[in-house]
Amino acid sequence: MSSVLIKNESRLGLKLVAPAVGIIGLLVIYPILFNIYLSFFDVQLNGTKTFVGMENYTDLLGNPRYYHSIGVSVIYLIGTVVGTTVLGLAAAILMNQEFRFRNLARGLILLPYFAPVISVVFGWQFIFDPVNGIYNHVVVDVLHLTDSRENLIGNPDSALFVVILFDIWKHFPIAYLLFLAKLQSVPKDLYEAAAIDGQNAWGRFWHVTLPELRFVIATVVLLRIIWNLNRFEDVYLLAPNVETLPIFTYYQAFAGIVDQGVAAAISVIQLLVLVGLIWLYVRKVLKW
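Computed from a predicted structure; not experimentally measured. Chains are numbered independently. Their residues run from 1 in the order of the written sequence. Given that the model is predicted, a residue must reach a pLDDT of at least 70 before its local features are reported, and side-chain atom pairs must reach 80 or more before they are shown or counted; all residues, however, enter totals for whole chains, interfaces and linings. Hydrogens and waters are ignored; side-chain quantities use all the structure's heavy atoms.

Novice: Explain the packing of aromatic side chains to me, using residue names and the numbers behind them.
Specialist: Whether two aromatic rings pair depends on their centres lying within 6.5 Å, for rings of Phe, Tyr and Trp, where Trp uses its six-membered ring; planes under 30 degrees apart make the pair stacked, over 60 edge-to-face, and the rest tilted. In total, this model carries 20 aromatic pairs according to the counting rule given. Taking 5.9 Å as the distance between ring centres and 20° as the angle between the ring planes, the aromatic pair formed by Y30 and F34 counts as stacked. Residue Y30 and its partner F34 are located together in helix α1 (residues 3-38), separated by four residues, close to a single helical turn. When accessible area is computed with a 1.4 Å probe and restricted to protein chains, residues below 20% of their type maximum are described as buried, those above 50% as exposed, and intermediate ones as partly exposed. Taking the relative accessible area as the measure of exposure, F34 reaches 35% and is therefore partly exposed. Secondary structure follows DSSP: runs of H or I at least 4 residues long count as helices, runs of E at least 2 residues long count as strands, and numbering of each begins at the N terminus.

Novice: I'd love a proper account of the UniProt feature "transmembrane region" (unreviewed entry) in the protein chain, names of residues and values included.
Specialist: UniProt positions are given in the numbering used here, feature names are shortened, and annotations may be inferred rather than shown by experiment. With numbering aligned to this structure, UniProt lists the feature "transmembrane region" (unreviewed entry) at residues 12-33, 66-95, 107-127, 159-181, 213-230 and 250-282. With 100% helix and 0% strand, the stretch residues 12-33 has end C-alpha atoms that lie 29 Å from each other. Structurally, residues 66-95 comprises 100% helix and 0% strand, and the distance from its first C-alpha atom to its last is 42 Å.

Novice: Can you tell me about the pattern of salt bridges, naming the residues and giving the values?
Specialist: Criterion for a salt bridge: a side-chain nitrogen of Lys or Arg within 4 Å of a carboxyl oxygen of Asp or Glu. Inspection of the entire model under this criterion finds seven salt bridges. Residue R65 is joined to E243 by a salt bridge in which the shortest nitrogen-to-oxygen separation is 2.6 Å. Note that R65 is positioned in helix α3 (residues 64-95) and E243 in the loop between α11 (233-238) and α12 (245-254), a separation of 178 residues in sequence. Given a relative accessible area of 37%, R65 falls into the partly exposed group. A salt bridge links E98 to R102, with the nearest nitrogen and oxygen atoms 3.6 Å apart. Look at E98 and you get exposed, because its relative accessible area is 68%. The network of salt bridges with common partners includes D167, R224, R231, E233 and D234.

Novice: I'd like a description of the nonpolar core, backed by residues and values.
Specialist: By convention a nonpolar core is built from buried Ala, Val, Leu, Ile, Met, Phe, Trp, Tyr and Cys residues, the set being connected through side-chain atoms within 4.5 Å. Counting 21 residues, the largest nonpolar core has V162, V163, L238 and V242 as its most contacted members. When contributions to this core are tallied by element, the ones reaching two or more residues are α3, α6 (117-127), α8 (156-183), α11 and α12. The biggest single contributor to this core is α8, with seven residues. In this view, V162 contacts W124, F128, L152, I153 and L238; residues no more than four positions away in its chain are not counted. The next biggest cluster of nonpolar side chains, apart from the first, holds 16 residues, and it includes A91, A92, I109 and L180. Whether two residues touch is decided by their heavy atoms; if any such pair falls within 4.5 Å, the residues are in contact.

Novice: Kindly report on the packing of α8 against helix α10 (residues 201-229), identifying the contributing residues and their values.
Specialist: All axes are obtained by fitting lines to C-alpha atoms, using only the stretch in contact for helices, and the reported angles, taken between N-to-C directions, cover 0 to 180 degrees. Between α8 and α10, the least distance of the axes is 10 Å, while the angle of their chain directions is 145°. The interaxial crossing formed by α8 with α10 has right-handed handedness. Between α8 and α10, the contacting residues are D167, H171, A175, L178, F179, K182 and L183 on the first element and T209, E212, L213, V216, I217, V220, R224 and N228 on the second. Residue classes follow a fixed rule: Ala, Val, Leu, Ile, Met, Phe, Trp, Tyr, Cys and Pro count as nonpolar, while Asp, Glu, Lys and Arg count as charged, and any other residue, Gly among them, counts as polar. Looking at the contact of α8 with α10 residue by residue, the class counts come to eight nonpolar, three polar and four charged. The handedness criterion is simple: a crossing whose near helix is rotated anticlockwise from the far helix by less than a right angle is left-handed, and one whose near helix is rotated clockwise is right-handed.

Novice: Kindly report on the environment of L145, identifying the contributing residues and their values.
Specialist: Relative to the helices and strands, L145 is located in the loop between α7 (134-142) and α8. Residue L145 is classed as exposed on the basis of its relative accessible area, which comes to 63%. L145 sits 10 residues away from Y135 along the chain, and the two C-alpha atoms are 11 Å apart.

Novice: Please set out a nonpolar patch on the surface residue by residue, giving values where relevant.
Specialist: Two distance rules govern patches: like charges are joined within 9 Å, and nonpolar side chains (Val, Leu, Ile, Met, Phe, Trp, Tyr) within 5 Å, applied only to residues with over 30% relative accessible area and no salt bridge. Accessible surface area values rest on a Shrake-Rupley calculation with a 1.4 Å probe, where residue burial reflects the displayed protein chains alone. A cluster of nonpolar residues, I23, I24, L26, L27, V28, I29, I32 and L33, forms a patch on the protein surface that exposes about 760 Å² of accessible area. Mapping I29 onto the fold places it in helix α1. Owing to a relative accessible area of 45%, I29 belongs among the partly exposed residues under this scheme.

If you want it as structure tokens, here you go:
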């Protein structure tokens, strides 16, 4: 192949990827760089900016609400990541068995993930409504477990666990799909050999299923951590009193005493954490 042809192909390749690179630069790279820039300024609502250096970061590190939001985020991440992984794996193992209407059941499991967030949020808010909600009706009027109705979403402590349950229910289907795809590629000979060796169902799961799913489990866990560290709409729509890091950042930037410089500093720190997690995913899971 001549050098002229190679250069022409290189130019063609650059022209083909230039629109995508431009869009990424406009919608991703520029906001990131501008956000880093804002984190060093005191930003007023009228648009004026005063350079304050690292003051936003020092103020943030001295803010108890920031550490509270980190604690809430950690609980949220642990609950949702473990819950979606375990429930997705259990559903995948069940749906990998032969039974009647299996294809219908496989389709129904995906409904929570594809349902519009706003509609299912309203449904969950009705379930836990303190006056007419199904939860309080069952607990108080049917089972008589307590004498008083509770507003679980209105209480920030209990609302956190409602949000965790909602996220598990809403997003476990994506973990289920990944696990099921891998399970269908596991040779049945491995299970037959394990059964011949005397392994029961638990032994076959521990010695065959888990080793085969190790890569997928690591992928699901890391991706769920990355996604949920940024998750805003589910939490804010269902229980805005649960201050995870994205919710706390929103309040700093747009509600109450607006301090967009501090909000930008929060985003920069969160970006660094995400970059570290993405690096871990690429190096340890994808092994690039």
